[in-house]
Amino acid sequence: SLTKMMTLYIVFEALENGTLRYHQELPVSLKASMQPKTKLWLKQGQRITVRDAILGLIIKSANDASVVLAEAIDGSEDKFAKRMTSTAKQLGMKSTIFKNANGLPDSEQVTTAYDMARLAIALRRDHPKYYPLFSKTSFKYKGNIISTHNRMLARYKWADGIKTGYTN
């Protein structure tokens, strides 16, 4: 899920340059709807706002929402992953290659703790107006309260919640 930090970095850039709008509705593709959990359980043909997709990524670590955003920006997740890798290089992340927008296992997707730290710093430095979103612990989506599984936010008052991650 740490990969989602780069997805969000690029989404925040798109919001700032006008490529995306916060309340814009995005279509959900078949590919997005078929992502494994954790997810918002989006269905093909449904629409989701950029806002809800962002909060889904931050709070729920929603794999389906990450694909929706990737496709909205670059037309396909593959093209978006190339943008992610290019952006990583621009940020000085020398040991990172992205292959998808959500961090699901891919043997060719690699990074280091150092590169992820650089990305976290860049998120806060380059997109300070969106940074408070990382401290949110829940949001309302389709009448339901979606809560975080990041227990650090409740246990440590200094935690900002930027992202949790797990992989096999």
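In the block above lies the structure referred to throughout.
Residues numbered from 1 in each chain as written. Predicted model: local features only at pLDDT ≥ 70, side-chain atom pairs only at ≥ 80, totals over all residues. Heavy atoms only, no water.

K.L.:
What should I look at first to understand the pairing of strand β4 (residues 144–147) in this one?
P.N.:
Consecutive residues of a regular strand have side chains that alternate between opposite faces of the sheet. Sheet analysis places strand β3 (residues 138–141) next to β4, joined by four bridges and oriented antiparallel. By the bridge assignment for β4, phenylalanine 139 is matched with isoleucine 146. Turn length for the β3-β4 hairpin, with the two strands adjacent in sequence and antiparallel, is two residues, and the turn residue lysine 142 shows positive phi of about 55°. (Pairing = 2+ DSSP bridges. Helix = DSSP H or I, 4+ residues; strand = E, 2+ residues; numbered from the N terminus.)

K.L.:
What exactly am I supposed to notice about unusual backbone geometry here?
P.N.:
Backbone phi values are negative for most residues with the exception of glycine, while trans is the configuration of most peptide bonds. The linkage connecting lysine 37 with the following residue, threonine 38, adopts the cis geometry, with an omega of 20°. With respect to the helices and strands, the residue threonine 38 is situated in the loop between α2 (30–33) and β2 (47–49). Even without glycine at this site, lysine 142 takes up a positive phi of about 55°. Along the chain, lysine 142 turns up in the loop between β3 and β4. The exposed category is assigned to lysine 142, whose relative accessible area is 58%. (Buried < 20%, exposed > 50% of the residue type's maximum accessible area, 1.4 Å probe, protein only.)

K.L.:
In this structure, what is going on with helix α5 (residues 77–90)? I would like to understand it.
P.N.:
Taking 1.5 Å per residue, 14 residues should reach 20 Å; α5 reaches 20 Å between its end C-alpha atoms and fits that length. When we look at burial in α5, the residues that qualify are Glu77, Phe80, Ala81, Met84, Thr85, Thr87 and Ala88. Viewed along the axis of α5, the buried residues span an arc of 165°, placing them on a single side of the element. Exposed residues pointing more than 90 degrees away from the buried face of α5 are listed as Lys79, Lys82 and Gln90. As for α5, its buried residues are in contact with α1 (3–17), α2 and α4 (63–74). Within two residues after α5, glycine 92 carries a phi angle of roughly 85°, on the positive side. (Expected span 1.5 Å × (residues − 1). Arc of directions from axis to C-beta. Contact = heavy atoms within 4.5 Å.)

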